[in-house]
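Descriptive structure summary
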Amino acid sequence: MTTDDMRALLEAASAAVLTVYRANGTAYLSPVWFHVREDSIELMIADGDPKIESLRRDPRCVFMAFETSPPFRGLRIESDAQLSVEGVAAARLAIASRYLGDADGRRYVEQRTKPGTAVRLPLAVARTWDLRAILPSSEVHGSLPIL
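About the criteria used
- Along each chain, the written sequence defines residue order, and numbers are assigned to residues from 1.
- For this predicted model, a pLDDT threshold of at least 70 governs which residues receive local features, and a threshold of 80 or more governs which side-chain atom pairs are given and counted, while totals over whole chains, interfaces and linings are taken from all residues.
- As a convention, hydrogens and water are excluded, and side-chain values are obtained from all of the structure's heavy atoms.
- By salt bridge we mean one thing: a side-chain nitrogen of Lys or Arg within 4 Å of a carboxyl oxygen of Asp or Glu.
- Helix and strand definitions here come from DSSP, where helices need a minimum of 4 consecutive H or I residues and strands a minimum of 2 consecutive E residues; each element is numbered from the N-terminal end.
- Buried means the residue's accessible area, taken with a 1.4 Å probe over protein chains only, is under 20% of the maximum for its type, while exposed means over 50%, and partly exposed covers the values in between.
- A helix's residues, less one, multiplied by 1.5 Å, set its expected span.
- In this analysis, two residues are considered to be in contact whenever any of their non-hydrogen atoms come within 4.5 Å of each other.
- We call a set of buried Ala, Val, Leu, Ile, Met, Phe, Trp, Tyr and Cys residues a nonpolar core when their side-chain atoms join them within 4.5 Å.
- Strands were regarded as paired on the criterion that DSSP finds at least two bridges between them.
- The pairing test for Phe, Tyr and Trp rings, Trp by its six-membered ring, is centres within 6.5 Å, and the orientation test on the planes gives stacked under 30 degrees, edge-to-face over 60, and tilted for anything in between.
- Charge-over-ring placement is defined geometrically: NZ (Lys) or CZ (Arg) within 6 Å of the ring centre, and within 35 degrees of the ring normal.

Right, let's get into the pattern of salt bridges. Scanning the entire structure with this criterion turns up 10 salt bridges. Among the ionic pairs, E42 bridges to R120, the shortest N-O distance being 2.7 Å. Placement of E42 in strand β4 (residues 40-46) and of R120 in strand β8 (residues 116-122) is noted, with a sequence separation of 78 residues between them. Its relative accessible area of 14% is what places R120 among the buried residues. Taking the shortest distance from any N to any O, the salt bridge between D58 and R60 comes out at 2.8 Å. Looking at D58, the relative accessible area reads 17%, which means it is buried.

Bringing helix α3 (residues 88-100) into the picture now. Relative to the 18 Å expected for 13 residues at 1.5 Å per residue, α3 spans 18 Å between its end C-alpha atoms, a close match to the ideal helical length. Looking only at α3, the buried set comprises V88, A91, R92, I95, A96, S97, R98 and Y99. The elements touched by buried residues of α3 are α1 (3-11), β3 (35-36), β4, β7 (82-84), α4 (102-111) and β8. Taken from the residues just after α3, G101 is the one with a positive phi, measuring 90°.

Turning our attention to the nonpolar core. Counting residues in each nonpolar core, the largest one holds 28 residues, and the members touching the most others are L18, F34, I41, L43 and F63. Contributions of two or more residues to this core are made by α1, β1 (15-21), β4, α2 (50-57), β5 (60-66), β6 (74-80), α3 and β8. If we skip the residues at most four places from it in the chain, F34 touches L10, S14, A16, I41, E42, L43, F63, A65, I95, R98 and Y99.

As paired strands, β1 and β5 are joined by 5 bridges and run antiparallel to one another. Its bridge partner being in β5, L18 is matched across the sheet by F63. Here β5 runs beside β6; their pairing, made up of 7 bridges, is antiparallel. Each bridged residue has a counterpart across the sheet, and for M64 the counterpart in β6 is R76.

Applying the stated criterion across every chain yields a total of 4 aromatic pairs. Relative to Y108, the ring of W33 has its centre 5.4 Å away and its plane inclined at 50°; by these criteria the two rings are tilted. Pair noted here: W33 is in the loop between β2 (27-31) and β3 and Y108 is in helix α4, with a separation of 75 residues, a long-range link. Here W33 falls in the partly exposed class, since its relative accessible area comes to 33%. Taking the centre distance of 5.2 Å and the plane angle of 80° together, the rings of F34 and F63 count as edge-to-face. Residue F34 is found in the loop between β2 and β3, and its partner F63 is found in strand β5; the two are separated by 29 residues along the sequence. One aromatic cluster in this structure is built from W33, F34, F63, Y99 and Y108. Lying over the aromatic face of F34, R98 brings its terminal NZ or CZ to 4.5 Å of the ring centre.

In structure tokens, the structure reads:
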């Protein structure tokens, strides 16, 4: 996947999942919203959420963002999370606005009463995929079948 393809994936309101590890070692997966900073993925987790408690105890996590339509690009980051309480309000607004639009994003943030923690994951360790090369061409084969 090219850098431009990766940026296009990350700038869209793509589906994403964060995996953290409970105290007993089992994985806990949760859908998340995110946005891209210069060299990292950033997401917000409200205080009291089990994900942030898990990350404070064990910073290992896996983040995956992916498309649900062709060419089915995706990105996976397996890393230790960097946690910060700096810039939380701005990050929360940027992330919510990305998924909900400016007005609804602002309203969403205004309703959030719990403080949050910014979770940052480095893009430098991202692994990507793009299924374009193995998908049937819609020009030759018609639209993809519904499975």
